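Take a look at the letters that make up each chain.
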Amino acid sequence: MPSSTAVQNLTFEKRAQLSQHPLAKKLFQLMASKKSNLALAADVTKASELLDLANSVGPYLCVLKTHIDIIDDFTPEITRELRKAAEKHNFLLFEDRKFADIGNTVLQQYQGGIYKISEWAHLTNAHPLPGPGIIEGLQKVGKPKGNGLLLLAQLSSQGTLIDAGYTRKTVDLALRYPEFVIGFICQEKLTDNPALIHMTPGVQLASKGDDLGQQYNTPHHAIFEKGSDIAIVGRGIFQHANPLESAKEYRQASWEAYQKKAKL
Ligand code: 5BU
């Protein structure tokens, strides 16, 4: 395994070549071609607002992250429209479902119910807390569809109960499922394995946090200093007076941090 510095310097193009999972490959390739390592956390509550964001900001994103269960006027049509926007503007859809139950239950939550997450979301995530069964349950549904899973290895919130040992065990678990797990939600680079993608929420330029425990860092801190790959930004973009201009600013800041890290 190359040294940590050498891995840090690998470009997204190179990491696309080194990835075995087709979705990880696709994500690295589209990040390189769009020059974007920005994900939008589109936490709006109206279907029209979500679709407007997908179509206006979509060209500047690598990933659009949803919480589909906060949409007040949800219909299955919304997920079909989201998928169309994802194809048109070349980004991936990530439903931030944070599954956390036994394998048999998460399997049903992922494929069924109202939201049918596995049918439209390229990516979803899970807390590894229950053990390998949660990955195996989700994998049964998601792998045949070509979907990918991100494991929650760290949280951005103040007072999180996750400690270093839990994070390390999460990385070990991810390495056991290379055909389904393509990376982590985390606050820093956790492994030298170039195929695994690190995505970091809790990113904002204008604020240090909210009054419910969220803690923010800048894109430069998350990507250059902490070695993550993708910055996930929510309110910093969609609550801005001009979301499109704000998205362009976060995209540029995140991309410059990546270029500095990869010494491009
Ligand atoms: P914000 O508006 O940029 O604070 O939104 C952050 C988003 O990332 C929001 O959708 C959260 O649910 C999500 N998130 C997070 O903030 N921190 C975490 O550790 C994880 C997810 Br995991």
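Refer to the structure presented above.
Residues numbered from 1 in each chain as written. Predicted model: local features only at pLDDT ≥ 70, side-chain atom pairs only at ≥ 80, totals over all residues. Heavy atoms only, no water.

### Here we look at the overall build of the chain
Counting secondary structure elements, the chain contains twelve helices and eight strands. Since a compact globule built from 264 residues should have a radius of gyration of about 18 Å, the 17 Å found for the chain is in line with a globular shape. Projected onto the principal axes, the alpha-carbon positions of the chain cover approximately 45 × 45 × 35 Å. Across the 264 residues that make up the chain, the buried fraction comes to 53%. Expressed as a percentage of contacts within the chain between residues at least 6 apart in sequence, the contacts between residues at least 24 apart total 71%. Of the roughly 11700 Å² of accessible surface on the chain, 51% is carried by carbon and sulfur atoms. Once the 30 positive and 27 negative side-chain charges of the chain are each reduced to a mean point, those two points are 6 Å apart. (Helix = DSSP H or I, 4+ residues; strand = E, 2+ residues; numbered from the N terminus. Rg over C-alpha atoms; globule rule 2.2 N^0.38 Å. Buried < 20%, exposed > 50% of the residue type's maximum accessible area, 1.4 Å probe, protein only. Contact = heavy atoms within 4.5 Å. Areas by Shrake-Rupley, 256 points an atom, 1.4 Å probe, with all protein chains shown as cover. Lys, Arg positive; Asp, Glu negative; His and termini not counted. Charge placed at Lys NZ, Arg CZ, Asp CG, Glu CD.)

### Observations regarding the state of the cysteines
Counted under the stated rule, the structure contains zero disulfides. Free cysteine: Cys 62, not disulfide-bonded; nearest cysteine sulfur from Cys 186 at 14 Å. Judged by relative accessible area, which is 0%, Cys 62 ranks as buried. (Disulfide = S-S within 2.5 Å.)

### Regarding the pattern of salt bridges
Under the counting rule described, the total for this entry stands at twelve salt bridges. The closest approach of N and O atoms between Asp 96 and Lys 65, which form a salt bridge, is 2.6 Å. On the criterion of sequence distance, the pair formed by Asp 96 in strand S3 (residues 92-99) and Lys 65 in strand S2 (residues 63-66) is long-range, its members being 31 residues apart. Relative accessible area serves as the criterion here: at 8%, Asp 96 is assigned to the buried category. (Salt bridge = Lys/Arg side-chain N within 4 Å of Asp/Glu carboxyl O.)

Nothing here speaks to function; it is all geometry.
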